[in-house]
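Report on the structure
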Amino acid sequence: MSKIAFITGATSGIGEATAIELAKHDYNLIISGRRAGRLVELSKRLTSEYGIKVQTLVFDVRVRESVNDSINALSEEWKKIDVLVNNAGLASGLDPIQDGDVEDWEKMIDTNVKGLLYVSKCVIPLMIERKKGHIVNIGSIAGKEVYANGNVYCASKHAVEALTKSMRIDLLKEGIKVTSISPGLVETEFSQVRFHGDTERAAAVYKGFEPLNAEDIAETIWFVVSRPAHVNINDMIVMPTVQASSVYINK
Ligand code: NDP
Ligand code: 8X3
């Protein structure tokens, strides 16, 4: 029987690539995001190209009631979630702390930290009921190190790091695996979002070197979730070859 994976932030980048990668391996998928049109398009593609079943959930991870209502409304069959990929997230702005925009700060904390918690709070009891499951949290190199002007984004990803470690301890007795994947620079819509739609500034981030692409991380996620039942990958840092740390990049 096919397994079920729930991927948040599946409308672009890493989440979308992960949906395609897991579909190739016969997972049925719950895909979520705010952009309903993109979810519909992706769902059509996944069902027609890979013959899997897809459930789309349109919600903003920052809106707790909406997260709860969407997940609670899943049928009993779809509630048998084997893998949760907590991927939805963003950076907003890249300013020194003294110049930071409080709205950017709230957006990052509400999405990356509280959103991840709201989704996890709904899915964890479903996994506990079945005494199995695997939660893959998408952290970042920014959750391991801080860099100039990264302040609140880095703090939010450090929080994800702490939550991943805590989940792993708290869910140990429940038979639930918890993995952290921390990518370096991946070329997605991430920088367009960070720079509020400034595509030129976003493209400049990836100029002069070969960054990771979304598929690199999707393949890593597949590797992690396809280990045998007795094996858990706790923590993976995945970087472009030219990147040694947040600041050392061989351009
Ligand atoms: P993208 O901008 O391409 O994708 C982000 C996804 O998150 C979109 O599907 C978006 O969907 C979703 N999302 C954002 N805010 C919300 C929200 N409030 N509610 C629901 N969904 C939301 O970026 P990436 O694929 O690069 O980012 C995916 C994850 O990877 C993030 O957690 C990011 O921090 C992390 N990461 C990215 C790196 C990079 O260099 N790109 C490196 C390290 C980590 P929609 O807008 O439709 O809601
Ligand atoms: C995204 C990668 O280097 O911009 O998490 O923090 S970075």
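Residues numbered from 1 in each chain as written. Chains lettered and ligands numbered in written order. Predicted model: local features only at pLDDT ≥ 70, side-chain atom pairs only at ≥ 80, totals over all residues. Heavy atoms only, no water.

If you look the protein chain up in an unreviewed UniProt entry, it shows as SDR family NAD(P)-dependent oxidoreductase from Acidiluteibacter ferrifornacis. UniProt annotates the protein chain under Sequence similarities (unreviewed entry) with the comment "Belongs to the short-chain dehydrogenases/reductases (SDR) family." (UniProt positions renumbered as here; feature names shortened; annotations may be inferred.)

Moving on, we get to the site of ligand 1. Taken together, 29 residues lie around ligand 1, and T11, S12, R34, Y153 and T188 are the ones closest in. Separating an oxygen atom of ligand 1 from a side-chain N or O atom of T11 is a distance of 2.7 Å. Here an oxygen atom of ligand 1 sits 2.9 Å away from a polar atom, N or O, in the side chain of R35. For ligand 1, the accessible surface in isolation is 880 Å², of which the surrounding protein chains cover 96%. Elements with a minimum of two residues in the shell around ligand 1: α1 (13-24) and α5 (151-170). Residues of the shell around ligand 1, tallied by class, amount to 11 nonpolar, 12 polar and 6 charged. (Near = heavy atom within 4 Å. Polar contact = N/O pair within 3.5 Å; in protein donor to acceptor, adjacent residues only side chain to side chain. Areas by Shrake-Rupley, 256 points an atom, 1.4 Å probe, with all protein chains shown as cover. Helix = DSSP H or I, 4+ residues; strand = E, 2+ residues; numbered from the N terminus. Nonpolar A, V, L, I, M, F, W, Y, C, P; charged D, E, K, R; others polar.)

A few words now on the pattern of salt bridges. All told, the structure shown has 14 salt bridges when counted by the stated rule. In this structure, the salt-bridge partner of D60 is R62, at a minimum N-O distance of 2.8 Å. A relative accessible area of 30% means that R62 is categorised as partly exposed. (Salt bridge = Lys/Arg side-chain N within 4 Å of Asp/Glu carboxyl O. Buried < 20%, exposed > 50% of the residue type's maximum accessible area, 1.4 Å probe, protein only.)

It is worth spelling out the pairing of strand β3 (residues 54-58) at this point. Within a regular strand, side chains alternate between the sheet's two faces. Strand direction decides the pairing type here: strand β2 (residues 28-33) and β3, joined by 5 bridges, are parallel. By the bridge assignment, S32 is partnered in β3 with L57. (Pairing = 2+ DSSP bridges.)

On to the site of ligand 2, then. Around ligand 2, the structure places S140, A142, Y147, Y153, F190 and R194. One of the side-chain N or O atoms of Y147 is found 2.7 Å from an oxygen atom in ligand 2. A distance of 2.6 Å separates an oxygen atom of ligand 2 from a polar atom in the side chain of Y153. Broken down by class, the residue content of the shell around ligand 2 amounts to 4 nonpolar, 1 polar and 1 charged.

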